[in-house]
Amino acid sequence: MSVPLIAALLASGAVAAGTGVLTGAAAWGDWTSDAPGVTRKLTLDSLPEPMKPGVALPAVVARPANAKLAVPPGFAVAEFAKLDAPRQLRTAPNGDVFASETADGAAQPATVSTFAEGLDQPFGVAFWPPGPNPQWIYVANTNSVVRFPYRNGDLKARGPAETIVPSIASSGGHSTRDIVFSPDGKRLFLSVGSGSNDAEHMGKKSPDEAKAWEAQHGLGAAWGNETDRADVLVMDPMGQRRQVYATGIRNCVSLILQPGTDTLWCATNERDLLGDNLPPDYVTRVRPHAFYGWPWYYLGAHEDPRHAGERPDLKDKVTTPDVLIQSHSAPLGMTFYTARGGPAAFPADYRGDAFVGLHGSWNRARRTGYKVVRILMKDGKPTGEYQDFLIGFVANQAGVWGRPVGVAVAHDGALLVADDAGGIVWRVAHVAGGK
């Protein structure tokens, strides 16, 4: 962002004085206001009223000849690997990077190999037990969780898939499932998105019926074709003793643990059709037994007008998420930056912050997303601010040539970004190394 524009926004009150942070209406913006280093803080007091949204479907076009990705000064971005449609990325304890293929952290992968085939829309990947020498790699299919015997360095599955969770959801809808283990390896967390936009076909329950349902399924839990959906579930590593951990999270696409803690985080896609700037997507800590609003409420006690008057008992029981993201940006992959060294390592002030891949909007007249952002932390807690880090995937208002999904930290300190539209894994390195 240019200095004159920052000055103009500061004069108008859109940028908090002394911080350079976009706030209020200016924080919503669109892709034309993106630039490395631009920082936004969306707040509840700037939420608009529900309205008819615009539509700008993400037509994927060939990469323009003059297309160039942009990163902050001191960083460089380059192609790392070409794949069919890379989605989630996870780094193994030995440094291998898993998408559907395996690559070692370097300027280019030494080997690209298919680890396993015959999976059903796989997304989440986790290693068990936690630590430097896992024995299994778990994969979340759209309707099951399986695992393969694994040793560090394996490029091919050394045995057939063993089904751990045979059935996740009984209906269609959001298909991505993510998984992560607790630090002690005793609990497996599984995210399951809703089967619909706004539970439009879920049916109704009387207050007594809803209360009885919640006693078994958790505060604010949905029912019918949405049973055990828009939730984070928890179970043991063999898929037994399955319970609901948190509810009302419409589509927790990326589910991760904050390093060095037992704090669970979700990157979440919120509902559509309430307006260009409503409701925001979000990134948040996931509290046990918390209810995040879907489908009856969003962002605390804001009632969804399509469910007006249905659940007044829940109004004051909704947990507000930590970091609000421009509406319809579609946050997918998320990782915390942990590298402490290596030839590509970022400066020390990045350590402990998070990166999120924003896949990009459709339910909005002016595009948002199509970039990677940095979630700012202070003393291990989110400030509510996020900062543009990697941009440039939008060709123009009519088309895009890339869509970020998964993000992972390679063992040399670089940040890897999966682009499922371009079929590329990008590598972002700090050219001077970590300090």
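Structure's up top.
All of these numbers come straight from a predicted model, not from anything done at the bench.

### Overview of the packing of aromatic side chains
For any pair of aromatic rings, geometry is given as the distance between the ring centres together with the angle between the planes.
Phase 1: Per the stated rule, a full pass over the model turns up 24 aromatic pairs.
Phase 2: Between the aromatic rings of Phe 98 and Phe 115, the centroid separation amounts to 5.4 Å while the plane-to-plane angle is 75 degrees, which identifies the pairing as edge-to-face. In this pair, Phe 98 is assigned in strand S6 (residues 96-98) and Phe 115 in the loop between strand S8 (113-114) and strand S9 (124-128), connecting sequence segments 17 residues apart. Neither Phe 98 nor Phe 115 differs from the other in exposure class; each is buried.

### Focus on the state of the cysteines
By definition, a disulfide is the covalent link that joins the sulfur atoms of two cysteine residues.
Phase 1: Counted under the stated rule, the structure contains 1 disulfide.
Phase 2: Paired by a disulfide, Cys 252 and Cys 266 hold their sulfur atoms 2.0 Å apart. One quick way to see it: the torsion about the S-S bond of Cys 252 and Cys 266 is about -85 degrees, and its sign makes the bridge left-handed. Pair noted here: Cys 252 is in strand S17 (residues 252-257) and Cys 266 is in strand S18 (residues 264-268), with a separation of 14 residues, a long-range link. Taken as a pair, Cys 252 and Cys 266 share a single burial class, namely buried.

### Points about the sheet that holds strand S29 (residues 404-409)
Phase 1: Taken together, 4 strands build an open sheet; the order of strands is S4-S31-S30-S29 and the sheet is antiparallel. Looking along the sheet, the strands with just one partner apiece sit at the ends: strand S4 (75-82) and S29. Ignoring which end each strand starts from, the neighbouring axes of this sheet average 25 degrees apart.
Phase 2: Relative to strand S31 (residues 424-430), strand S30 (residues 415-419) runs antiparallel, the two being bridged by 5 bridges.

### Some details on the side chain of His 359
Phase 1: One can find His 359 in the loop between strand S24 (354-358) and strand S25 (371-378).
Phase 2: In this structure, His 359 is in contact with Arg 87, Ser 329, Ala 330, Leu 332, Tyr 370, Arg 403, Pro 404, Val 405 and Asp 420, ignoring residues within four places of it in sequence.

### What about helix H2 (residues 207-217)?
For an α-helix the count is 3.6 residues per turn, leaving residues at separations of three or four pointing the same way.
Phase 1: For H2, every residue scored as buried is listed here: Ala 210, Trp 213 and Glu 214. For H2, the arc enclosing every buried residue in end-on projection is 100 degrees, short of the 170-degree limit, so these residues lie on one face. Exposed residues pointing more than 90 degrees away from the buried face of H2 are listed as Asp 208, Lys 211, Ala 215 and Gln 216.
Phase 2: After H2 finishes, the residue Gly 218 shows a positive phi value of roughly 105 degrees.

### Quick look at the environment of Ile 325
Phase 1: With respect to the secondary-structure elements, Ile 325 resides in strand S22 (residues 323-325).
Phase 2: By relative accessible area, which is 0% here, Ile 325 ends up buried.
Phase 3: For Ile 325 and Leu 358, which are 33 residues apart along the polypeptide, the C-alpha to C-alpha distance reads 9.4 Å.
Phase 4: Not counting the four nearest positions on each side in its chain, Ile 325 is found in contact with Leu 42, Pro 280, Asp 281, Tyr 282, Val 283, Leu 358, Ile 375 and Tyr 386.

What counts and how
- Residues numbered from 1 in each chain as written.
- Predicted model: local features only at pLDDT ≥ 70, side-chain atom pairs only at ≥ 80, totals over all residues.
- Heavy atoms only, no water.
- Phe/Tyr/Trp six-rings, centres within 6.5 Å; stacked < 30°, edge-to-face > 60°.
- Helix = DSSP H or I, 4+ residues; strand = E, 2+ residues; numbered from the N terminus.
- Buried < 20%, exposed > 50% of the residue type's maximum accessible area, 1.4 Å probe, protein only.
- Disulfide = S-S within 2.5 Å.
- Pairing = 2+ DSSP bridges.
- Axes fitted to C-alpha atoms, helices over the stretch in contact; angles between N-to-C directions.
- Contact = heavy atoms within 4.5 Å.
- Arc of directions from axis to C-beta.

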